[in-house]
Amino acid sequence: MDFYNLALFFIALVIGIFTFYAILMRINGWYYAIKFCSKKYNIPLGYMGLPYFGNTLSYFKSTICGDPNSFLDFFATRFGTGGMYRAYIFGKPTIMVTKPEIIRKVLMDEEYLERGLPNYMKKLIGLTTSIEEDKYFRRLTSPVKSHGLLSDYFDYIDKTVSTTLEKYATTEEPIEFLHKMHRLAFEVFMRLLIGDEVNQEFFDQMFVEITAVISAVHNLPINLPGFPYHKGLKARKVLGGIFQKLIDERREAMKDGKSMPRANIIDMLLSNTNQDYEDNILSDKKIVEILVLFSFAGFEPVALMSVKAIFHLQKHPHFLEKAKEEQEEIVKRRASSNAGLSFDEIRQMTFVSKVINETLRIATDQTVFLRDTSTTFNINGYTIPKGWKFFAVVWNIHMNPDVYVQPKEFNPSRWDDIETKPGIFLPFSMGPKSCPGSNLAKLQISVILHYYLLHYRVEQINPEARCYPPENCLVKFKKLSISSDGN
Ligand code: HEM
């Protein structure tokens, strides 16, 4: 082959590769454009990436690199700032929603949108209910939010937190902080989930299984022996068996007229014998799914947010001091120096509640809420086909500089001036599928911070560790020395 032909060959090869690449990157979008080209649908513009993978990889890349906005910017620059874009994420055609007012509409829907976890997560923590079952389950578990139930558990929370932190401080060796806080939040939450009548051995087994499920959620969904996802699926099965056994035991006890000394979630769910709902009695399978979902959701974020609040305060000594002073004032106001923390004192923690809000705002900087359309769904002039996913992006709401000046900065004092309008702060989401545990979570974190601020400090052994699952971080958990004036 002479030089001329060789050059032609290379040019043709380059053009061929370029054309193949261009087609490959568009073929997914063309497929869905043709499939849903009927006048019945009106789908926003967007980009659906490679077949099978869609935009999932670029979404993960942007979040792993700590710059999720680059993902949004790509859509906004190419398809305008309308706030709704077609995409292909987690193996499904998706509508990405970025504007607060549209996100609100998505989250508030009760009739047409279902929980939209990706399939690999559904297998671990999925809950599939009909709309009626869903309303019923939320009604049954609504006491979880109530003042009455939380005050009933308050002494248990207080005692568990104070004794556990004390124990951590007596350990000479550095501790895996996130893991230990998981354990603490788990101890507290499990009482609320299944009641007081469970022994330590049972708790330990549950903790091992649920930790495996959580680890699976935070790792790649590779279902091969040795991989966390494979172990998580196995653990999910074991958990299901444990919960079913508990349900059977509780039913027997109920038949004998025995009731648990304190309200707990499993008994709330088993009390579904109300005649008004006869057709809607939740099956055992559904109850097990709900218990697994609660087990997953009920302690991990509490532990993570507590750790994050502690680290933020550590990095900002003036806020740490202010929060500590508030706790000292609370202690001084007590009638007796022997009295412990009380439920009413939580309401006096105005600055600590701002620390918690600020931690939640910053920590949810990569949060998205997912929903699946159960039928054709109309929104903002668009008609979205059944089976598509909604991907509601919260991070740009929590990082909106018009609401949160210098949004990346940790500044609890910003909450002195923020007018909390609906939809500007969504760490627990909003609408029918929002978090039922928001009050419990804030209560637990407040108790943890109260004892931490008064008595302990952490020293990070590996400060470069992100302390975000699946990464852990080592700390020395130290008790503050008491000065001569007792402080
Ligand atoms: C700081 C701690 C917590 C945070 C940041 C948090 C946040 C969230 C968020 C964002 C959702 C998703 C809502 C959606 O998809 O729209 C959720 C769901 C949920 N959370 Fe929490 N949560 C926390 C603590 C808790 C606690 C303590 C409980 C236990 C009572 C709990 C139970 C649940 C349950 C059961 C769901 C699923 C609700 C459903 O699908 O209907 N969470 N949480």
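Residues numbered from 1 in each chain as written. Predicted model: local features only at pLDDT ≥ 70, side-chain atom pairs only at ≥ 80, totals over all residues. Heavy atoms only, no water.

Draft legend 1. Summary view of the overall build of the chain. Assigned secondary structure in the chain consists of 18 helices and 10 strands. With respect to the principal axes defined by its C-alpha atoms, the chain has extents near 95 × 60 × 50 Å. For the chain, the residues scored as buried account for 50% of the 487 residues in total. Counted over contacts in the chain with a minimum sequence separation of 6, partners at least 24 positions apart contribute 72%. Total accessible area on the chain stands at roughly 24,300 Å², and carbon and sulfur atoms take up 57% of it. Put simply, the chain has 58 plus and 54 minus side-chain charges, and the middle of one group is 6 Å from the middle of the other. (Helix = DSSP H or I, 4+ residues; strand = E, 2+ residues; numbered from the N terminus. Buried < 20%, exposed > 50% of the residue type's maximum accessible area, 1.4 Å probe, protein only. Contact = heavy atoms within 4.5 Å. Areas by Shrake-Rupley, 256 points an atom, 1.4 Å probe, with all protein chains shown as cover. Lys, Arg positive; Asp, Glu negative; His and termini not counted. Charge placed at Lys NZ, Arg CZ, Asp CG, Glu CD.)

Draft legend 2. Up close: the site of the ligand. Taken together, 22 residues surround the ligand, and among them Arg115, Phe369, Arg371, Ser429 and Cys435 come closest. The side chain of Ser429 places a nitrogen or oxygen atom 2.5 Å from an oxygen atom of the ligand. Put simply, the parts of the chain that give the shell around the ligand at least two residues each are helix H12 (284-297), helix H13 (300-315), strand E5 (368-373) and helix H18 (438-455). For the shell around the ligand, the per-class residue count stands at 16 nonpolar, 3 polar and 3 charged. (Near = heavy atom within 4 Å. Polar contact = N/O pair within 3.5 Å; in protein donor to acceptor, adjacent residues only side chain to side chain. Nonpolar A, V, L, I, M, F, W, Y, C, P; charged D, E, K, R; others polar.)

Draft legend 3. The arrangement of the coordination of the iron atom of the ligand in detail. Protein coordination of the iron atom of the ligand rests on one atom only, Cys435 (SG), at 2.3 Å. Among the secondary structure elements, Cys435 is positioned in the loop between helix H17 (395-398) and H18. (Donors = N, O, S within 2.8 Å, 3.2 Å for Na, K, Ca; no water.)

Draft legend 4. Spotlight on helix H10 (residues 228-255). Over its 28 residues, H10 extends 40 Å from the first C-alpha to the last, a length consistent with the 40 Å expected when each residue adds 1.5 Å. Looking one or two places after H10, you find Gly257, whose phi comes out positive at around 80°. (Expected span 1.5 Å × (residues − 1).)

Draft legend 5. Region of the structure containing the packing of aromatic side chains. By the definition in use, this model includes 38 aromatic pairs. Arranged with centres 6.2 Å apart and planes meeting at 85°, the rings of Tyr168 and Phe477 form a pair that is edge-to-face. Of this pair, Tyr168 sits in helix H7 (residues 147-170) while Phe477 sits in strand E10 (residues 474-479), placing them 309 residues apart in sequence. Of the aromatic side chains, those joined through ring pairs into one cluster are Tyr47, Tyr59, Phe60, Phe71, Phe74, Phe75, Phe79, Tyr85, Phe90, Phe391 and Trp395. A cation over a ring is seen here: Arg183 above Phe207, with NZ or CZ 4.9 Å from the ring centre. Note that Arg361 overlies the ring of Tyr404, its terminal NZ or CZ placed 4.9 Å from the centroid. (Phe/Tyr/Trp six-rings, centres within 6.5 Å; stacked < 30°, edge-to-face > 60°. Lys NZ or Arg CZ within 6 Å of the ring centre and 35° of its normal.)

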